[in-house]
Amino acid sequence: MGGSMDHNEYVSIKDIAESDDYPFTMGQMRHFLMMRHKNGLQTAIRKIGKRLYLRRDLFDDWIESQSSRGGHL
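Residues numbered from 1 in each chain as written. Predicted model: local features only at pLDDT ≥ 70, side-chain atom pairs only at ≥ 80, totals over all residues. Heavy atoms only, no water.

Q: Explain helix α2 (residues 26-34) to me, and be specific about the residues and the numbers.
A: Among the residues making up α2, those that are buried are Met-29, Phe-32 and Leu-33. The buried residues of α2 occupy an angular sector of 100° when the element is viewed end-on, so they sit on one face. Exposed positions of α2 whose direction lies more than 90 degrees from the buried face are Arg-30 and Met-34. Those residues of α2 hidden inside the fold are in contact with α1 (13-18), α3 (36-39), β2 (45-48), β3 (51-55) and α4 (56-67). (Buried < 20%, exposed > 50% of the residue type's maximum accessible area, 1.4 Å probe, protein only. Helix = DSSP H or I, 4+ residues; strand = E, 2+ residues; numbered from the N terminus. Arc of directions from axis to C-beta. Contact = heavy atoms within 4.5 Å.)

Q: I'd like a rundown of α4, residues and numbers included.
A: An ideal rise of 1.5 Å per residue puts 16 Å on 12 residues; α4 measures up with 18 Å between its terminal C-alpha atoms. Those residues of α4 lying buried are Arg-56, Phe-59, Trp-62, Ile-63 and Gln-66. Relative to the axis of α4, the buried residues are bounded by an arc of 115° and lie together on one face. Those residues of α4 that are buried lie in contact with β1 (10-12), α1, α2, α3 and β3. (Expected span 1.5 Å × (residues − 1).)

Q: Tell me about the nonpolar core, and name the residues and values.
A: Formed by 15 residues in total, the largest nonpolar core has its most connected members in Ile-16, Phe-24, Met-29, Leu-41, Leu-54 and Phe-59. Those elements that place two or more of their residues in this core are α1, α2 and α4. Setting aside anything within four residues of it in sequence, one finds Leu-41 in contact with Phe-32, Leu-33, Arg-36, Leu-54, Phe-59 and Trp-62. (Core = buried A, V, L, I, M, F, W, Y, C linked by side-chain atoms within 4.5 Å.)

Shown next, in the form of structure tokens:
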């Protein structure tokens, strides 16, 4: 019926830390999350209840944008 819907993949912070696709530890992920309003990561975060999830495509974009800032995540 009508237009197509984009499919967004949401992952938990633990999923990222345990994934072979990303080099980040749970400690690094917690740091990124604590600093999300300063580092720009808040655009990739979705809060559902008390849990935080990352929209994978926006997280990947955020990672790539960090390299243009001199490589400081």
